[in-house]
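# Descriptive analysis of the structure
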Amino acid sequence: MNTSCIIRGMGHCVPDSVLTNADFERMVETNDEWIVSRTGIRERHVALNGETCVDLCHGASVAALEKAGMTAEELTHVIVATFSPDAVIPSAACMLSHRLGISGRMSMDVSAACSGFLYALETARALIALHPQARVLVAACDIVSSRVDYTDRGTCILFGDGAGAVVLTADAPGLSGGRVLDVLVASDGAVGDLLTVKGGGSGTPYKLGDTIRRDFFVEMNGREVYKHAVRAMSSVCEELLTRHGLTKDDVDVLIPHQANLRIVEAVGKRLDIPESKVFTNLQKYGNTSAASVPLALSEAVAEGFVKPGHLVLLGTFGGGFTWGSALVKF
Ligand code: UT7
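Residues numbered from 1 in each chain as written. Predicted model: local features only at pLDDT ≥ 70, side-chain atom pairs only at ≥ 80, totals over all residues. Heavy atoms only, no water.

Moving on, we come to the state of the cysteines. On inspection of all chains with the given rule, the structure shows zero disulfides. Cys-237 supplies the cysteine sulfur nearest to Cys-5, a cysteine that is in no disulfide, at a spacing of 18 Å. Assessed through its relative accessible area of 1%, Cys-5 is described here as buried. Of all cysteine sulfurs, the one in Cys-114 lies closest to Cys-237, which takes part in no disulfide; the gap is 15 Å. With a relative accessible area of 1%, Cys-237 lands in the buried category. (Disulfide = S-S within 2.5 Å. Buried < 20%, exposed > 50% of the residue type's maximum accessible area, 1.4 Å probe, protein only.)

As a structural note, the neighbourhood of the ligand is formed by 22 residues, with Thr-30, Arg-38, Arg-223, His-257 and Asn-260 the closest of them. A distance of 3.0 Å is found between an oxygen atom of the ligand and a side-chain nitrogen or oxygen belonging to Asn-287. Of all elements in the fold, only helix H2 (32-39), helix H6 (153-156), helix H7 (222-243) and helix H8 (261-271) reach the threshold of two or more residues within the shell around the ligand. Among the residues forming the shell around the ligand, the class breakdown is 10 nonpolar, seven polar and five charged. (Near = heavy atom within 4 Å. Polar contact = N/O pair within 3.5 Å; in protein donor to acceptor, adjacent residues only side chain to side chain. Helix = DSSP H or I, 4+ residues; strand = E, 2+ residues; numbered from the N terminus. Nonpolar A, V, L, I, M, F, W, Y, C, P; charged D, E, K, R; others polar.)

What follows covers the pattern of salt bridges. Counted according to the given criterion, the structure contains 16 salt bridges. As a salt-bridge pair, Lys-248 and Asp-272 come within 3.5 Å of each other at their nearest N and O atoms. Taken together, the residues span a long stretch of sequence, with Lys-248 in the loop between H7 and strand E11 (253-256) and Asp-272 in the loop between H8 and helix H9 (282-285) at a distance of 24 residues. For Lys-248, a relative accessible area of 29% puts it in the partly exposed group. Asp-272 sits in the partly exposed class, given a relative accessible area of 47%. One salt-bridge network, held together by shared partners, links Glu-122, Arg-125, Asp-182 and Arg-243. (Salt bridge = Lys/Arg side-chain N within 4 Å of Asp/Glu carboxyl O.)

Right, let's get into helix H4 (residues 92-99). Think of an α-helix as 3.6 residues a turn; residues three or four steps apart then line up on the same face. Taken as a whole, H4 has its buried residues at Ala-92, Ala-93, Leu-96 and Ser-97. Projected onto a plane normal to the axis of H4, the buried residues spread over an arc of 135° and lie on a single side. Where H4 is buried, its residues touch helix H3 (53-68), strand E4 (77-81), strand E5 (106-110) and strand E6 (135-142). The positive-phi residue at the C-terminal boundary of H4 is Gly-101, with phi of around 85°. (Arc of directions from axis to C-beta. Contact = heavy atoms within 4.5 Å.)

Here we come to the domain arrangement of the protein chain. Each assigned domain of the protein chain is listed here: domain 1 (6-173) and domain 2 (179-329). Residue-level contacts link 49 residues of domain 1 with 48 residues of domain 2. Taking both sides of the interface into account, the surface hidden between domain 1 and domain 2 amounts to around 3,900 Å²; carbon and sulfur atoms contribute 64%. When the area that domain 1 buries against domain 2 is broken down by residue, the three leading residues are Cys-114, Leu-118 and Arg-147, summing to 19%. If you look at where domain 1 meets domain 2, you find four salt bridges. A salt bridge links Arg-214 to Asp-149, with the nearest nitrogen and oxygen atoms 3.9 Å apart. (Domains from an automatic or database assignment. Buried area = accessible area lost by both parts, 1.4 Å probe.)

Right, here's the structure in full:
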């Protein structure tokens, strides 16, 4: 059974509108100095023109297909990682397939908050192991702005909207792209209440006429999330390296979840990987949740930060809690 797969193409897409730190100074009691020193974020793209999860997934997917030299018709499976789909039913994946002009494929959403991309990647690997002819589209997108309370300064400054997508097939000699050497994902529901979006779920339903409550939006204990994120991301990255007999010196590029520059730097330090090998783009996108890692990977490749021959270590952490890492050889 062929269990190895390769990223044949990748793409990303963000909404046109940008909210800068100066914009937030006019919206809540905050300032550019606080935001930059605590998070590293300077601006984020936000779907102010009504762009939806499926719109951004479509943009990223078309770019990924083009890079892969494939048409949508060639896809066999469509997976979307998101916590903010256009609707509860139909799924974002069903809507994306339709937008791409295809039907008859398995199309499904994966919900793992900011770790969604690596969860979906692991799912795609399993599908390719089962069906070696599979050509799987994985799109990861969040319109976090649809679930952010823009009066809550503790959360609203952190997030942005975006999408990243990859097209995967079984590996074969002569193919170029990113060989997915391994993925390691995990979760712990015991600490799930530290980062939630509960309102509207069956545990906290809304009745017709109810006013939206705070639980409709992202609520979190920032300090606790911060500590868990640093610990979980560093240890899962270490575990994956050890599993493959690799050390930090084998890693050419580290791309951690783009939540906060201090978290990214702390993970780099714990892994003892020099800053020069760590890719960040959170300064201009903020935390884009499920899109964060594929958006960063796609940009890192497009900008030449990731070069042919490089070993890339991805790390992620999100609500659930969920976390994970992946090794991709370009
Ligand atoms: O994908 C995972 C999603 N979540 C995360 O990654 C978030 C992880 N956590 C963090 O990134 C950080 O905890 C934050 C950036 C959210 C906060 O940074 P912090 O250094 O942990 O600050 P804090 O929460 O301890 O707050 C310090 C102070 C507080 O004031 P007092 O209580 O000390 O008077 C806050 O009220 O900063 C205040 N504060 C702000 N001040 C200006 C909180 N938000 C703001 C703000 N502007 N936007």
